[in-house]
Amino acid sequence: MQAATETHATPAEKFANVCSILEKHGRHPARLIPILQAVQEEYGYLPEEVLAYVGVALDVPAARVYGVATFYAHFALEPRGKYIVRLCNGTACHVKKSIPILDALYRALGVTEKKPKHELITIEIVACLGACGLAPVLVINEDVYGQMTPARAAKLIDEILEKEAALV
Amino acid sequence: MTKKPVENTVSINGRPVAIEGERNLLEIIRKAGIDLPTFCYHSDLSVYGACRLCLVEIEGRGIVGSCSTPPEPGMKIKTHTEEIREIRKISVELLLANHDNNCPTCYKSNNCQLQRIARQLGVESIRFGQVLDRKPVDTSSPSVTRDPNKCVLCGDCVRVCSEIQEVGAIDFAHRGHQASVLPAFGKDLGEVECVNCGQCTVVCPTGALTPRSEMEEVWKDLMNPDLCVVVCVAPAVRVGLGESFEMDPGTITTGQMAASLKMLGFDQVYDTSFAADLTIFEEGSEFLQRKAKGEKLPQFTSCCPGWVKFTEQYYPELLEKLSTCKSPQQMFGALLKDRLPEMLGIAKEKIRIVSVMPCTAKKYEAKRPEFIHDGIADVDHVITTQELARMIKAAGILFSDLTPESFDMPFGFATGAGVLFGNSGGVTEAVLRFAAEKVTGKQLQSFEFKQVRGESGLREAAITIDGVQLKLAVVSGLKNAKTVAEQVRKGTCEYDIVEVMACPQGCIGGAGQPVSRNPHAKKMRTKGIYDADKMMPLHKSQENIFVADCYAKFLGDVGGDKAHHLLHTHYQSRRRLPDEGIAFFSGNGGQRLKVDVCLGTNCFIKGAQDVLNGLLGHAEEHKYENMVDIRASFCFEQCEEGPTVKIGAVTLNHATVDTAVQALSRELEHQLSGESAAKDECTSCSGCK
Ligand code: SF4
Ligand code: SF4
Ligand code: FES
Ligand code: FES
């Protein structure tokens, strides 16, 4: 299991990268989505101030930038944990019981659906990862785990927590 | 023999209807006298096609959305089949299932499309369980209240704000059952770039967006025997108010309106058209001066607070071209608070000024800090035409049966020119009636300038007075205003006067007016205003003897000191979002020098990004990380002087990489030696030296 990618640039470097991302896309409002995608790679999420700046640079109202950023589940507006656990709840996965897996994940992390925030591990529910053959599917950062069960999911979480505890 | 389909017709429920340039089936069906329910269709906006209420069946094609299907000859259309009626009912029931159904207490009750359509379709029960996930109501804006629990996600507001006003203050956010219409970053409407025009409340079919009400405050003052409550009524109100009492749009109700205000208990009933006449003295003279000197042209009008805020946010370099005249509402407030204590023998603290306006932005305007002195506002409350109608109904007054009465003197006396302010083109025409006589010294033969009238949101006219040609533009809708503003920015604008009203067709189309389902309502109100002008005995502001009397008795000269103090104002560039800034260096180290680089639009255009990168590079190179905090901010409201950089207590205008780096080094040195360089480094003005 790899940790989530986020460049380890200084804030100044990150900002310079944002500027070159904007340049690369010709500051074209129609390129908003690829721009947001690139900005997220830079920061690991989409900070509000940077979104406001993207709006200024593209001459797109901030409300529209925010709307696009919140429409796609792929974009995160809050800093995410080092590990991003994405559980698919598309039709196939849902039918094969993804919700009990979600409950197991929350329990293993000691969080609840209402307050799902965990420093290290961010749980995201997504609609169809395009791997319905493996349903129910769980993805941790880049690694795909098929035919998931609540027990296996809990075990994966425990493993991450142990591994990270060992690092401290 | 079978009848061949007649060319260029469609069949609607078996009857032929000619296609006459309709853009979609909905238009042609409505033309045929059949009302299809719709939530997301407005003829002035783009087609969205989301609500699925406008469904029809086309033979051979099945069920389609009529708003997004163009008519084709020979189409056989059915509008109310069993299946369609059932689908529509289900749609409405689904909407009701996550709607806050507190209809009797909703502001929109009576005028709500959801209510109307549910009734029309015969929805008698809701088959689905309530799934409303209650969200807080946003009351942050002085002009518009946003209740997300009543939103049906039709997107009408989003489109009006971006397509007609080009503001884009609200948009769809999130998706699925979380989807909602929100200002940027889920902030409150009062914090963002909304210009308070209220046009979103006009198109919103439900009570999700409504004009912010101030009726309670007014009732309270009216019931307080210690107060003298004065009311001033804007020109456009008299041709809209009647609609709330089943009269036709454009019916002139001045007399009943005055009578009802007196019955409500207002102590003095005045006409804002008086202040409009006063505005013409000031604004007309200001224009003649600018024209003579050839400076600060085109002169933009400043009576619309939506347009003023728009300029402050998007076109700070245009602010100097705005007339410095306050709007009639604010002139009136300032004048009355100054004069009435003496005239009525009542202490200023005991006088309340209430404005009745066709407008929601006027509520915001009255609360601008420059119009409040030592806690006393020039205008205390602003209610809309809609709110006045409600108050009249609440008091049980039978409006239609009232015997007309008149305004009170002297501030109820106006000329037709003042009344014209209600129409788009009205201010321009009133200025022309003034300027033409001032310039030529001769009396005008005919007082009407029909060249400036019309329905288009961007009209031009050229008028020659005494051999001098004046080029005018009359603009309504902020998208059109943007077109002219861009011309000025590019240096291609040749106008002398530009009149701007944020609301399409001017104040008669303001968001405070009764919401009308009559497609000709605005046209009829416009005619009402022109008719009202004709009915007045005088038609030129300079003929208003009571305004002239004000100058003679205490205002002094037009544009003089006293007049300037009371009747003129100033503008400031304004940021669109609350400033949060992007931090680059911040963290440990004791006393750190704060550096803020503005990356707002105006500074950005002028190269602020290079300045920022220059500073960052410099700081990294010299390992200043622990001595400075560098942030990018969005707008210090000094846009005309951009790029703007703040380093400690020093503000640097017109910054370049070099001047910014120099200033940074200097300030760091000073910080080390324990004092700020602020005093001797300020070069922006010599005021404090
Ligand atoms: S009041 Fe005007 S500017 Fe504000 S959100 Fe509504 S339409 Fe947009
Ligand atoms: S706020 Fe009103 S106009 Fe806007 S989407 Fe909701 S229901 Fe439609
Ligand atoms: S009016 Fe056609 S889909 Fe809403
Ligand atoms: S954009 Fe307003 S001060 Fe920079």
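**Student:** Any chance you could explain the overall build of chain A here in plain terms?
**Tutor:** Broken down by element type, chain A carries seven helices and four strands. With the principal axes as the frame, chain A shows a C-alpha extent of 50 × 40 × 25 Å. Looking at the 168 residues of chain A, the share that counts as buried comes to 46%. Expressed as a percentage of contacts within chain A between residues at least 6 apart in sequence, the contacts between residues at least 24 apart total 66%. Per element, the accessible surface of chain A, about 8,500 Å² overall, is 57% carbon and sulfur.

**Student:** Before we go on, may I ask you to explain the packing of helix 1 (residues 11-24) of chain A against helix 3 (residues 48-58) of chain A in this structure?
**Tutor:** Geometry of a packed helix pair, given as the angle between the helix axes and the separation of the axes. All names here are of chain A. Orientation of helix 1 relative to helix 3, taken along the N-to-C sense of each, is 35°, at an axis distance of 11 Å. Seen from above, helix 1 lies across helix 3 with right-handed handedness. Counting all contacts with helix 1, which are made through F15, V18, C19 and L22, the residues of helix 3 involved are V50, Y53, V54, A57 and L58. When the residues that make up the contact of helix 1 with helix 3 are grouped by side-chain class, the tally is nine nonpolar, no polar and no charged.

**Student:** Please clarify how the interface of chain B and chain A should be interpreted in this entry.
**Tutor:** Often the size quoted for an interface is simply the accessible area lost on bringing the parts together. In this complex, chain B contributes 34 residues to the contact, which on the side of chain A involves 23 residues. Between chain B and chain A, the buried area comes to about 2,500 Å², and carbon and sulfur atoms account for 64% of it. On the chain B side of the contact with chain A, R175, F185 and F584 of chain B bury the most area, a combined 26% of that side's loss. Counting across the interface, chain B meets chain A through two salt bridges. A salt bridge links R64 of chain A to D171 of chain B; the shortest N-O distance between them is 2.4 Å. It is helix 20 (residues 608-621) of chain B that provides the largest number of residues to the side of chain B that touches chain A, a total of five residues.

**Student:** What is the right way to read the domain arrangement of chain B from this model?
**Tutor:** Here the domain parsing of chain B yields domain 1 (9-80), domain 2 (91-211), domain 3 (216-344 + 352-395 + 415-567) and domain 4 (582-672). Averaged C-alpha coordinates put domain 1 of chain B and domain 3 of chain B at centres separated by 41 Å.

**Student:** Sorry if this is basic, but what is going on with the pairing of strand 1 (residues 83-88) of chain A here?
**Tutor:** Two faces belong to every sheet, and in a regular strand the side chains alternate between them. All names here are of chain A. Most of strand 1 is tucked away, with five of its six residues classed as buried. Note: strand 1 against strand 2 (residues 121-126), six bridges, orientation parallel. Across the sheet, residue I84 finds its bridge partner in strand 2, namely T122. Inspection of the sheet shows strand 1 paired to strand 3 (residues 138-140) by three bridges, in the antiparallel sense. Residue R86 lies in a different strand from strand 3, and its bridge partner there is V139.

**Student:** I tried to follow the sheet that holds strand 12 (residues 299-300) of chain B on my own but got confused; where do I start?
**Tutor:** Sheet strands pair by backbone hydrogen bonding; their relative direction is either parallel or antiparallel. Residues and elements named next belong to chain B. Taken in spatial order, the four strands make up an open sheet running 12-19-18-17, and their pairing is mixed. Where the open sheet ends on each side, the last strands, each with one partner, are strand 12 and strand 17 (458-465). Looking at chain direction, strand 12 and strand 19 (residues 497-501) are connected through two bridges and run parallel. Residue F300 lies in a different strand from strand 19, and its bridge partner there is V498.

**Student:** Sorry, what's going on with helix 14 (residues 426-440) of chain B here?
**Tutor:** An α-helical turn contains 3.6 residues, so a residue and the one three or four places further along point in the same direction. All names here are of chain B. Taking 1.5 Å of rise per residue, 15 residues should cover 21 Å, and helix 14 covers 21 Å from first to last C-alpha, within 8% of that figure. For helix 14, the tally of buried residues reaches twelve of 15 residues, placing the bulk of the element in the interior. Within the sequence span of helix 14, burial applies to G426, V427, T428, E429, A430, V431, L432, R433, F434, A435, A436 and E437. Packed against the buried residues of helix 14 are helix 8 (272-293), helix 13 (416-420), strand 17, strand 18 (468-476), strand 19 and helix 16 (521-535). Directly after helix 14, the chain includes G441, whose backbone phi takes a positive value near 70°.

**Student:** Please explain the packing of aromatic side chains as it appears in this structure.
**Tutor:** All names here are of chain B. A complete count under the given rule lists 19 aromatic pairs over all chains for this structure. Centre to centre, the rings of F274 and F332 are 5.7 Å apart; their planes meet at 20°, and the pair counts as stacked. Note that F274 is positioned in helix 8 and F332 in helix 10 (residues 328-345), a separation of 58 residues in sequence. In this structure, F274 and F332 share a single accessibility class: buried.

**Student:** What is the right way to look at the pairing of strand 3 (residues 55-58) of chain B in this model?
**Tutor:** Residue and element names in this part refer to chain B. Judged from the four bridges that link them, strand 3 and strand 4 (residues 62-65) form a sheet pairing that is antiparallel. Note that in strand 4 the partner of L55 across the bridge is G65. Between strand 3 and strand 4, which pair antiparallel and follow one another directly, the connecting turn spans three residues, one of which, G60, has a positive phi of 85°. Sheet topology note: the strand 3/strand 5 (residues 76-78) ladder contains two bridges and is antiparallel. Looking across to strand 5, one finds that I58 is bridged to I77.

Procedures and definitions
Residues numbered from 1 in each chain as written. Chains lettered and ligands numbered in written order. Predicted model: local features only at pLDDT ≥ 70, side-chain atom pairs only at ≥ 80, totals over all residues. Heavy atoms only, no water. Helix = DSSP H or I, 4+ residues; strand = E, 2+ residues; numbered from the N terminus. Buried < 20%, exposed > 50% of the residue type's maximum accessible area, 1.4 Å probe, protein only. Contact = heavy atoms within 4.5 Å. Areas by Shrake-Rupley, 256 points an atom, 1.4 Å probe, with all protein chains shown as cover. Axes fitted to C-alpha atoms, helices over the stretch in contact; angles between N-to-C directions. Left-handed = near helix turned anticlockwise from the far one by under 90°. Nonpolar A, V, L, I, M, F, W, Y, C, P; charged D, E, K, R; others polar. Buried area = accessible area lost by both parts, 1.4 Å probe. Salt bridge = Lys/Arg side-chain N within 4 Å of Asp/Glu carboxyl O. Domains from an automatic or database assignment. Pairing = 2+ DSSP bridges. Expected span 1.5 Å × (residues − 1). Phe/Tyr/Trp six-rings, centres within 6.5 Å; stacked < 30°, edge-to-face > 60°.

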